[in-house]
Amino acid sequence: MNPMPFYFFHWTAEIIEHLADNDVTPEEFEAVVLDERSELTVSRATGRPARIGITEDGRVLFCVFDWIDKDQTEIEPRTAYEIT
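Predicted model, so just to flag it, every value in this text is computed and none were measured.

Draft legend 1. Inspection of the side chain of Arg51 at higher detail. Assignment of secondary structure puts Arg51 in strand S3 (residues 49-54). No salt bridge is formed by the buried Arg51. Its closest oppositely charged neighbour is Asp35, at 7.8 Å. At 2.9 Å, the side chain of Arg51 and the backbone oxygen of Ser38 are in polar contact. In contact with Arg51, not counting residues within four places along its chain, are Tyr7, Val32, Val33, Ser38, Glu39, Leu40, Leu61, Phe62, Cys63 and Phe65.

Draft legend 2. Geometry of the pattern of salt bridges. Across all of its chains, the model carries eight salt bridges by this definition. The partner of Asp66 in a salt bridge is Arg78, with the nearest N and O atoms 2.7 Å apart. Here Arg78 lies in strand S5 (residues 74-83) and Asp66 lies in strand S4 (residues 60-67), a separation of 12 residues in the sequence. Look at Asp66 and you get buried, because its relative accessible area is 16%. On the accessibility criterion, Arg78 (32% relative accessible area) is partly exposed. Three or more residues joined by partner-sharing salt bridges are found here, namely Asp23, Glu28, Asp57, Arg59 and Glu82.

Definitions and limits used
In this convention, every chain numbers its residues from 1, walking through the sequence in written order. With pLDDT at 70 or above as the cut-off, local features in this predicted model cover only qualifying residues; side-chain atom pairs require 80 or more to be listed or tallied, and sums for whole chains, interfaces and linings still use all residues. Excluded from the side-chain calculations are hydrogens and water; all other atoms, namely the structure's heavy atoms, are used. Helix numbers and strand numbers start at the N terminus; a helix is a DSSP run of H or I with at least 4 residues, a strand a run of E with at least 2. Accessibility here uses a 1.4 Å probe with only protein chains present; expressed as a share of the type maximum, an area under 20% marks a residue as buried, one over 50% as exposed, and anything in between as partly exposed. Counted as positive: Lys and Arg. Counted as negative: Asp and Glu. His and the chain ends are not counted at all. Each salt bridge in this description consists of a side-chain nitrogen of Lys or Arg and a carboxyl oxygen of Asp or Glu lying within 4 Å of one another. Two N or O atoms form a polar contact when they lie within 3.5 Å of each other; inside protein one atom must be a possible hydrogen donor and the other a possible acceptor, and for residues adjacent in sequence the pair counts only when both atoms belong to side chains. Throughout, a contact is declared for two residues whenever any of their heavy atoms are within 4.5 Å.

Here's what the structure looks like:
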């Protein structure tokens with residue numbers, strides 16, 4: 001069994017506001033990224049890493065971020081939105 005990933009999330013007021021515009025909370029973003037069942041992919045628009053996963057209330061989110069350290073333990077969220 002793989003251990004649950006652990007990351008440090010670097011939040012700014014700007015990104016929190018941007019996520020809110022898309023009806024996504026920081027808690028939902030983190031839950032999707034930390035969920036071992038979420039799919040790691042790449043944003044076609046930016047080439048940034050992303051995860052696709054399901055929120056507690058059943059919405060499917062596309063969460064885009066940057067790794068900000070070489071060990072890939074620190075994440076700077078960029079955007080997230082619901083997909084169908």
